[in-house]
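In case you want the letters, here they are:
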Amino acid sequence: MSSLNASLAIALSGLSADQGALEATTNNVANVNTPGYAREVPVLVTNAPDVIDGLTLGTGVSLQSIESIRDPILESQIQQETQTQGQAGALVSALSEAQVNFTSSTSDIGTAISNFFNSINQLSADPADLSTRQGVLTAAGNLATAFNVASNNLTTQHSSLNASVAQTVNQINQLTGQIAQLNAQITSVASGGQGAGTLVDQRTQLIDQLSSLVDVSVIPSDNTLTLTTANGTALVAGSESFALSTQPDSSGTQQIYAQGLNITSTIVSGQLGGLLQARDRQIPGLENQLDTLAAGLANAVNTVQTSGYDLNGNPTGSTSLNGNPQTQVYLFNPPPASVTGAASGLSVAITDPGLIAASSDGTAGSNGNAEALYALNGQGIIAGQSPTSYYSGIVSNVGNATANASAEQSASAATLQQLNDQRAAVSGVSLDEEAANLTKFQQAYAASAEVISTINDMMQAVIAMKSS
Amino acid sequence: MRVNPNPLPDLLAALGNNQQLINTDTQELASGLRINVPSDNPAGAAELVQNAAQTSTDDQFLRSIGSIQAELQTSDSALNSVTTLLQRAITLGTEGSSSTVNASDRLALAAEAQGIQSQLVGLANLSYQGKYVFAGTATEAPPYALSAASPSGVTYAGNSGVNSVTVGEGFSVQTNLPGSELFSNPSNDVFQAVEDLITNLQSGDVAGISVAVGEVTSASSYIDAQRVFYGNTLNQLGAQQTFLNSATTQLAQQENTIGGADLPAVITNLESAQVSRQATLEALAQTQQTNLFNYIK
């Protein structure tokens, strides 16, 4: 047996369901510009029907839940691409800064090498001339300065990258702390049987941020999730977060520790991965190449310099002069045997231009040794290459590394943009859609209200029947 | 399929890309260079380093050639004067060997020959920019001095050293002839010949004078023959100069091909980037001005 009361209840369920649905729409409209917000959709379900005397009667509608629409696979793709983006971005900015040292100018190392050998060619044409000799010392000084400047710039960059590593680790710790907190909130809200949509939105947003910093893997479980780095080091497990720490090693290089374990070498992606790659591989690689060039050049020049005679006819390679012991007369102060620090420490050893060994026979006018010095220009004195060839190799290396990183960055930016597009297509709020929904729910609400009013009229009719 | 309801980030990214293109083109236009940092074209940047080094080396070779040429020309013209003086000495000797001149005339001729001898010493002590060019590599002091004690009438303080200077890839030229080879060559000793002439003129030995005239004649043609060295070297340097000049031009062209901005292309790119930026801006202005809310009342 159906009753008017039952109909009234059905109409009421319509009213409250539409009201709830309207709330979802309103929330969507309000959050149209909120970053990371996923649109909400009301989930309306038919109430279980009553079967009375063989008749199946509907019992109205209820708003089961308000669901946030998102695609977990897309989310994880975005997180991964964000890691690549962060890594390439950090690398590009480090290498772009480094390659300025190798950009051709009036004082770059390549020009300084040419000028140095040119001054020796000039000396060869006029070996006894003091101003020409002074020209060689000046050019040697400029060469040393060019090496010093480039090497010091790289060192400065190295230490600022080192500081960035520590800062990035701090940021990671803050984010993992916040994510652990959100995990706890989401679990408690969800266990109360409520949707935790907006909290999940916030957490997704934070995981995106974290992905740009370090390589994270997300392992979701009911309402909560576990975050680890690529090699499995736990960052967040449910409501607990595990902070990373940094500690300088003996050379002052910040090492990253997780629960007492050094994990520096396992971090390859995200901004932190990019910073580590620049700090531990690219910049030291360039420093090492500069040192090799500086040391090779200085040693080769010194060897020839100590096989001749100075302007006064004294042998520059001799270890005694007039019976008194003396040191050999070098042109450049000898670089360290380990090569490390050769570029930053390169300096000219003599101030008296007369001490340059241009002569090969002790007479002032002889240029035999100057010619031998000049010949170094074309000899494979640095790892089998001439100084200029070796230097051009460095230029090409740093250029390639920068160009590759920046190509990777653009490619990953394009992919990321497309993924974000797809995410917006799934989760973004469309005002058109919300306007249509608003109208839809408004009309349904109005219709349910009309039904109630009609039932009311019918009730009145029934009541009037009795009283008449 | 649901479409992305908010294309704004895409449009902003497109604007960013456009701006990047415009910046790159503007930088190329401003510098006139296609390679401003190594990453613009790593292989090209490395080539440019080599190219710049080669250009600078060639420029230096040209400068060295210039200074060597000046020195060689000065030396050569001094040798020209030497042969002129030797010709005069031959004339004096021929006159002195004649039976028509008397002893006092011969003494006068001998006096003139002594003058020639000291002029020759002056020429052999030629200094160019402070260096004595006929002293071998002992260029700091005048190599010749008159000396009555020496059989040849002079002493040589120079050495037999020669210098070679590199003026091209694997190409060097000898830049001096030492006095020991030029003037004091044992088989053609200029000073010995002149000294013999003077001695014989003074002693009035007619036969001796004739022999001495022969020696001076032979010395004079020897000097002439040595001047071929200067002529040859100057020719080689001239040819090398021509080569280096054309090499430098070629290097400059190459540099422009590798690293120079292709101006028409850059300007076209810049214009199209600007048009595209304009279009994106228009699109931005058009989007999302209205939505369904504007129509539902």
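Conventions adopted
- Residues numbered from 1 in each chain as written.
- Chains lettered and ligands numbered in written order.
- Predicted model: local features only at pLDDT ≥ 70, side-chain atom pairs only at ≥ 80, totals over all residues.
- Heavy atoms only, no water.
- Pairing = 2+ DSSP bridges.
- Helix = DSSP H or I, 4+ residues; strand = E, 2+ residues; numbered from the N terminus.
- pLDDT = per-residue confidence, 0-100.
- Core = buried A, V, L, I, M, F, W, Y, C linked by side-chain atoms within 4.5 Å.
- Buried < 20%, exposed > 50% of the residue type's maximum accessible area, 1.4 Å probe, protein only.
- Contact = heavy atoms within 4.5 Å.
- Axes fitted to C-alpha atoms, helices over the stretch in contact; angles between N-to-C directions.
- Parallel < 35°, antiparallel > 145°, perpendicular 65-115°, else oblique.
- Left-handed = near helix turned anticlockwise from the far one by under 90°.
- Nonpolar A, V, L, I, M, F, W, Y, C, P; charged D, E, K, R; others polar.
- Lys, Arg positive; Asp, Glu negative; His and termini not counted.
- Salt bridge = Lys/Arg side-chain N within 4 Å of Asp/Glu carboxyl O.
- Buried area = accessible area lost by both parts, 1.4 Å probe.
- Polar contact = N/O pair within 3.5 Å; in protein donor to acceptor, adjacent residues only side chain to side chain.

Is there a simple way to think about the sheet that holds strand 9 (residues 244-248) of chain A in this case?
Neighbouring strands of a sheet are bound in pairs by backbone hydrogen bonds; such pairs are parallel or else antiparallel. Residue and element names in this part refer to chain A. With respect to topology, three strands assemble into an open sheet ordered 9-10-11, the strand pairing being antiparallel. In this open sheet, the two edge strands, each paired with only one partner strand, are strand 9 and strand 11 (261-262). Both strand 9 and strand 10 (residues 254-258) contribute to a ladder of five bridges, which runs antiparallel. Bridge pairing in strand 10 links Q247 to Q255.

What is the right way to read the confidence of the model for chain A from this model?
One rule of thumb: low pLDDT means the predicted coordinates there are not for detailed reading. Counting all residues, the mean pLDDT for chain A is 90, and 98% of those residues have values of 70 or more. Here strand 12 (residues 320-321) of chain A stands out as the least confident element of chain A, with mean pLDDT 72; helix 3 (residues 109-125) of chain A is the most confident, with 95.

I'm lost on the sheet that holds strand 5 (residues 216-221) of chain A in this one. Help?
Residues and elements named next belong to chain A. The strand order 5-6-7-8 describes an open sheet built from four strands, whose pairing is antiparallel. On the outer flanks of this sheet lie strand 5 and strand 8 (240-241), each paired with one strand and no other. As paired strands, strand 5 and strand 6 (residues 224-229) are joined by six bridges and run antiparallel to one another. Of the residues in strand 6, the one forming a bridge with S221 is T224.

Teacher, can you tell me more about the nonpolar core here?
Soluble globular proteins: nonpolar side chains tend toward being buried together. Membership of the largest hydrophobic core comes to 144 residues, with the highest contact counts inside it found for F116(A), F147(A) and F183(B). At 19 residues, helix 4 (residues 130-191) of chain A tops the list of elements feeding residues into this core. Those residues in contact with F183(B) that sit more than four places away from it in its chain are L79(B), V82(B), A124(B), F134(B), Y144(B), N188(B), D189(B), V190(B), F191(B) and I223(B).

Just checking my understanding: could you explain the packing of helix 2 (residues 72-99) of chain A against helix 9 (residues 387-427) of chain A for this structure?
When two helices pack together, their arrangement is given by the angle between their axes and by how far apart the axes lie. Residues and elements named next belong to chain A. Relative orientation of the contacting elements helix 2 and helix 9 amounts to 150 degrees, with a least axis distance of 8 Å. One way to sum up the angle between helix 2 and helix 9 is to call them roughly antiparallel. In this structure, helix 2 crosses over helix 9, and the sense of that crossing is left-handed. Of the residues belonging to the contact of helix 2 with helix 9, the class tally is 13 nonpolar, 16 polar and four charged.

Looking at this model, I keep getting lost on the side chain of D25(B). Mind explaining?
Residues and elements named next belong to chain B. Within the secondary structure layout, D25 lies in helix 1 (residues 8-31). Despite its burial, D25 pairs with no opposite charge, the nearest such side chain being R34 at 10 Å. Leave out the neighbours within four places in its chain, and D25 touches V266, N269 and L270.

When you look at the interface of chain A and chain B in this model, what are you seeing that I'm missing?
Size of an interface, as often reported, equals the accessible area lost when the parts are brought together. At the interface, 53 residues of chain A touch 41 residues of chain B. Where chain A abuts chain B, roughly 3,600 Å² becomes buried across the two surfaces, and 52% of that area is made up of carbon and sulfur atoms. On the chain A side of the interface with chain B, the three residues burying the most area are N118(A), N121(A) and A125(A), jointly 13% of the side's total. Here chain A is connected to chain B by two salt bridges. In this structure, the salt-bridge partner of E433(A) is R2(B), at a minimum N-O distance of 2.9 Å. Our enumeration of links across chain A and chain B arrives at 21 residue pairs in polar contact (both at pLDDT 80 or more). Secondary-structure elements contributing two or more residues to the side of chain A that touches chain B are helix 3, helix 8 (368-375), helix 9 and helix 10 (431-467) of chain A. If one sorts the elements of the side of chain A that touches chain B by residue count, helix 9 of chain A sits on top with 17 residues. Its residues assigned to classes, the side of chain A that touches chain B shows 19 nonpolar, 26 polar and eight charged.

Would you explain the packing of helix 3 of chain A against helix 8 of chain A in this entry?
All names here are of chain A. Interaxial distance between helix 3 and helix 8 falls to 9 Å at its minimum, and their mutual angle equals 155 degrees. In terms of orientation, helix 3 lies roughly antiparallel with respect to helix 8. Crossing of helix 3 against helix 8: the hand is left-handed. Contacts from F117, I120, N121, L123 and S124 in helix 3 reach A370, E371, L373 and Y374 in helix 8. Taken together, the residues of the contact of helix 3 with helix 8 break down into six nonpolar, two polar and one charged.

So what exactly am I meant to see when it comes to the confidence of the model for chain B here?
Residues and elements named next belong to chain B. With 99% of its residues at a pLDDT of 70 or more, chain B shows a mean pLDDT of 90. Within chain B, helix 1 has the poorest average pLDDT of any element, 86, and strand 5 (residues 164-168) the best, 94. Interface scoring of the predicted complex returns ipTM 0.86; its pTM is 0.85.

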